[in-house]
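# Analysis of the macromolecular model
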Amino acid sequence: QVQLVESGGGLVQAGDSLRLSCAASGRSFSRSLMGWFRQAPGKAREFVAAIRWSGDNTYYSDSVNGRFTISRDNTKNTQYLQMNSLKPEDTAVYYCAAKGGDFYFNPRSGYDYWGQGTQVTVSS
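A brief look at the structure comes next. The written sequence of each chain sets the order in which its residues are numbered from 1. Only residues with pLDDT of at least 70 get local features here, since the model is predicted, and only at 80 or more are side-chain atom pairs given and counted; chain-wide, interface and lining totals rely on the full set of residues. For side-chain calculations, the full set of non-hydrogen atoms in the structure is used, while hydrogens and water are omitted.

A simple rule labels every residue: compare its accessible area, found with a 1.4 Å probe on the protein chains alone, to the largest value its type can have, and call it buried under 20%, exposed over 50%, or partly exposed in between. Runs of E in the DSSP output that reach at least two residues are strands. Runs of H or I that reach at least four are helices, and both are numbered from the N terminus. Buried residues dominate strand β9 (residues 92–98), accounting for 6 of its 7 residues. In this description, strands pair whenever DSSP reports at least two bridges between them. The pairing of strand β4 (residues 34–39) with β9 spans 6 bridges and is antiparallel. Paired with Q39 across the two strands is V93, which belongs to β9. Strand direction decides the pairing type here: β9 and strand β10 (residues 113–114), joined by 2 bridges, are antiparallel. Paired with A98 across the two strands is Y113, which belongs to β10.

Given below as structure tokens:
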């Protein structure tokens, strides 16, 4: 059974940093595009960041570009999201996602596997 398990969420103040982790099990994602999404209360889920299997190519939404960094460790089947300079508008449930392969032509959609999410709350 394939599982993606997020961790690292929490309550922080504006300007603080958090690092989310997503540990995958049940299959290897070392050759897959992986990404992060988030969903704030009352809003649709939105793309945050994605990374190709090699780690050489990354993609970010405009709202987090320059503040968030996505990375991965294929030896651990794990990806990360380093979030700096957090803002109250970053408050959301953050979801880890993965595709079945390195389908990078549209990194903002088409994911096959999803985690359960981890809450990030940023107070002002």
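Our focus in this paragraph is the pattern of salt bridges. Here, a salt bridge means any side-chain nitrogen of Lys or Arg that lies within 4 Å of a carboxyl oxygen of Asp or Glu. One pass over the structure, following the stated rule, counts 4 salt bridges. The salt bridge partner of E46 is R38, with a shortest N-O separation of 2.5 Å. Relative accessible area serves as the criterion here: at 6%, R38 is assigned to the buried category. The salt bridge involving D90 is made with R38; its shortest N-O contact spans 2.9 Å. With a gap of 52 residues between them, D90 in the loop between β8 (78–83) and β9 and R38 in strand β4 connect regions that are remote in the sequence. As far as the burial class goes, D90 and R38 line up, both buried. Connected through salt bridges with shared partners, the residues R38, E46, R67 and D90 form a single ionic network.

Attention shifts here to the environment of R72. For R72, the position within the fold is in strand β7 (residues 68–73). Considered as a pair, R72 and S21 are 51 residues apart in the sequence and their alpha carbons are 9.2 Å apart. Residues within four places of R72 in sequence aside, it is in contact with F29, S30, S32, L33, M34, I51, R52, W53, G55, T78, Q79 and Y80. Polar contacts involving the side chain of R72 include one to the main-chain carbonyl oxygen of F29, which spans 2.6 Å. Any two residues having at least one pair of non-hydrogen atoms within 4.5 Å are treated as being in contact. Polar contacts, as counted here, are pairs of nitrogen or oxygen atoms within 3.5 Å of one another; within protein the pair requires one atom able to donate a hydrogen and one able to accept it, and residues that are adjacent in sequence qualify only if both atoms are side-chain atoms.

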